[in-house]
Amino acid sequence: IRRLWTAYSQLASADVCFQDLERELADLPGPYAASRGGLLLLASVDTTAVGCVGFTAFTQGVAELRRLYVDPEHRKRHVGTLLVNAALDGARMAGYQHIILHTLALMTRAQSLYLREDFVSIPPYSADLPSDIRCFTKPLQPGARPWQPESLALSPHDKAEACCRCPTKSPQ
């Protein structure tokens, strides 16, 4: 996971401070632990890790998909799609109603994957998010009510982590 996440941060060619990568690496599994409502998945070919994705609890009934990365030489082999679908299944089994995510605007392949998997574009979770971020959501349960960012009340965990990873305004 550490190798993949480090490659992800270099690929982004952007300041990933807002994603709080260093702290997440130091605290693994951290919020990705099942006991905290998360999941971390690794794809491998033979014995080599080639991709990863995870989700964390964002707030009541909402998971956040995070850290999707596939080694460049394994792209176009549907590894990303398999990882995303496995994470969606895990979030459903954990009882989440919706999953949300944000990605850098320059990650157009990831955005295409999300749209193919029936995610829909939504406004940023917060007016404080950088302009180069794109946000998406997908309902996970049949009959789930449509989710809108303004209906989201941040959990205490999210408020504590609102540093440069995902700046947020306090709920009103």
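The structure we're discussing is the one just above.
Here the residue numbering is sequential within each chain, running from 1 through the sequence in written order. Totals for whole chains, interfaces and linings use every residue, but because this is a predicted model, local features are given only for residues with pLDDT of at least 70 and side-chain atom pairs only at 80 or more, for both listing and counting. Here the side-chain values reflect all heavy atoms present in the structure, with hydrogen atoms and water set aside.

(A) Here's a closer look at the sheet that holds strand E6 (residues 133-139). Strand order in the open sheet formed by 6 strands is E1-E2-E3-E4-E6-E5, with mixed pairing between adjacent strands. Only two strands of the sheet have a single partner each, and these edge strands are strand E1 (39-45) and strand E5 (120-122). Strand-to-strand twist in this sheet, taken as the mean axis angle between neighbours without regard to direction, amounts to 30°. One ladder, built from 7 bridges, connects strand E4 (residues 98-104) with E6; its direction is antiparallel. For Leu101, the partnering residue across the bridge sits in E6 and is Phe136. Helix H3 (residues 79-93) contacts E1, strand E2 (48-59), strand E3 (62-70), E4 and E6 of the sheet and is inclined by roughly 160° relative to E3. A pair of strands is treated as paired once DSSP finds two or more bridges between them. Secondary structure elements follow DSSP: runs of H or I of four or more residues count as helices, runs of E of two or more count as strands, with numbering from the N terminus. The convention used is that axes are lines fitted to C-alpha atoms, helices contributing only their stretch in contact, and that angles between N-to-C directions extend from 0 to 180 degrees. We call two residues contacting when some pair of their heavy atoms lies within 4.5 Å.

(B) Just the side chain of Glu24, in detail. Relative to the elements of secondary structure, Glu24 occurs in helix H2 (residues 21-26). The exposure class of Glu24 is buried, given its relative accessible area of 6%. Whenever a nitrogen or oxygen atom comes within 3.5 Å of another N or O atom, the pair is scored as a polar contact, on the condition that within protein one atom can donate a hydrogen and the other can accept it, and that pairs from neighbouring residues in sequence are kept only if both atoms are in side chains. Within the local environment of Glu24, its side chain forms a polar contact with the side chain of Tyr32, the two groups lying 2.8 Å apart. For every residue, the accessible area obtained with a 1.4 Å probe (protein chains only) is divided by the maximum for its type, and the residue is called buried under 20%, exposed over 50%, and partly exposed between those limits.

(C) How the structure looks around helix H4 (residues 108-116). Considered for burial, the residues of H4 that qualify are Ala110, Gln111, Leu113 and Tyr114. Burial along H4 is one-sided: seen end-on, the buried residues are contained in an arc of 160°. Facing away from the buried side of H4, by more than 90 degrees, are the exposed residues Arg109 and Arg116. Close packing links the buried residues of H4 with E3, H3, E4 and E6. This arc corresponds to the set of directions leading from the helix axis out to the C-beta atoms.

(D) Just the packing of aromatic side chains, in detail. Two rings from Phe, Tyr or Trp (for Trp, the six-membered ring) form a pair when their centres sit within 6.5 Å of each other. Planes less than 30 degrees apart are called stacked, planes more than 60 degrees apart edge-to-face, and all others tilted. Counted under the stated rule, the structure contains 3 aromatic pairs. Arranged with centres 5.9 Å apart and planes meeting at 50°, the rings of Tyr114 and Phe136 form a pair that is tilted. A residue pair is termed long-range when its members are at least 10 positions apart, and Tyr114 in helix H4 and Phe136 in strand E6 qualify at 22 residues. The buried category is assigned to Tyr114, whose relative accessible area is 5%. An aromatic cluster is defined as three or more aromatic residues linked by ring pairs; in this entry it consists of Tyr114, Phe119 and Phe136.

(E) Looking closely at the layout of surface pockets. Grid spacing is 1 Å over the protein atoms alone, the probe is 1.4 Å, and a cavity is where that probe fits but cannot get out, while a pocket is an open set with protein on both sides within 12 Å along at least five of seven lines and lining residues have an atom within 4 Å of a point. Grid points are joined across faces, edges and corners, and a volume is the space filled by probe spheres set on the points. Reported here for the largest pocket is a volume of approximately 710 Å³. Lining the largest pocket are 31 residues, with Leu68, Arg75, Arg109, Ala110 and Leu113 positioned closest to its centre. Counting residues per element, the ones that place at least two in the lining of the largest pocket are helix H1 (2-11), E3, H3, E4 and H4. Residues were grouped as follows: Ala, Val, Leu, Ile, Met, Phe, Trp, Tyr, Cys and Pro as nonpolar; Asp, Glu, Lys and Arg as charged; and all remaining residues, including Gly, as polar. In terms of residue class, the lining of the largest pocket is built from 13 nonpolar, 9 polar and 9 charged.

(F) Structural context of the side chain of Lys138. Checked against the element boundaries, Lys138 lands in strand E6. In this count, Lys and Arg are taken as positive residues and Asp and Glu as negative ones, while His and the chain termini are left out. Salt bridges are defined as contacts in which a side-chain nitrogen from Lys or Arg sits within 4 Å of a carboxyl oxygen from Asp or Glu. Of the side chains with opposite charge, Asp118 lies nearest to the buried Lys138, which makes no salt bridge, at 4.6 Å. A distance of 2.5 Å separates a polar side-chain atom of Lys138 from the backbone oxygen of Glu117. Once you skip the residues sitting within four places of it in the chain, Lys138 turns out to touch Leu88, Arg92, Gln97, His98, Ile99, Glu117, Asp118 and Phe119.

(G) Molecular detail of the pattern of salt bridges. One pass over the structure, following the stated rule, counts 6 salt bridges. Salt-bridge contacts for Arg23 lead to Asp27; the nearest nitrogen and oxygen are separated by 3.7 Å. The partner of Arg67 in a salt bridge is Glu24, with the nearest N and O atoms 3.2 Å apart. Of this pair, Arg67 sits in strand E3 while Glu24 sits in helix H2, placing them 43 residues apart in sequence. Pair check on accessibility: Arg67 and Glu24 agree, each one buried. Three or more residues are tied together by salt bridges with common partners; here these are Glu24, Glu64, Arg66 and Arg67.

Everything listed is a geometric property; what it means functionally is a separate question.
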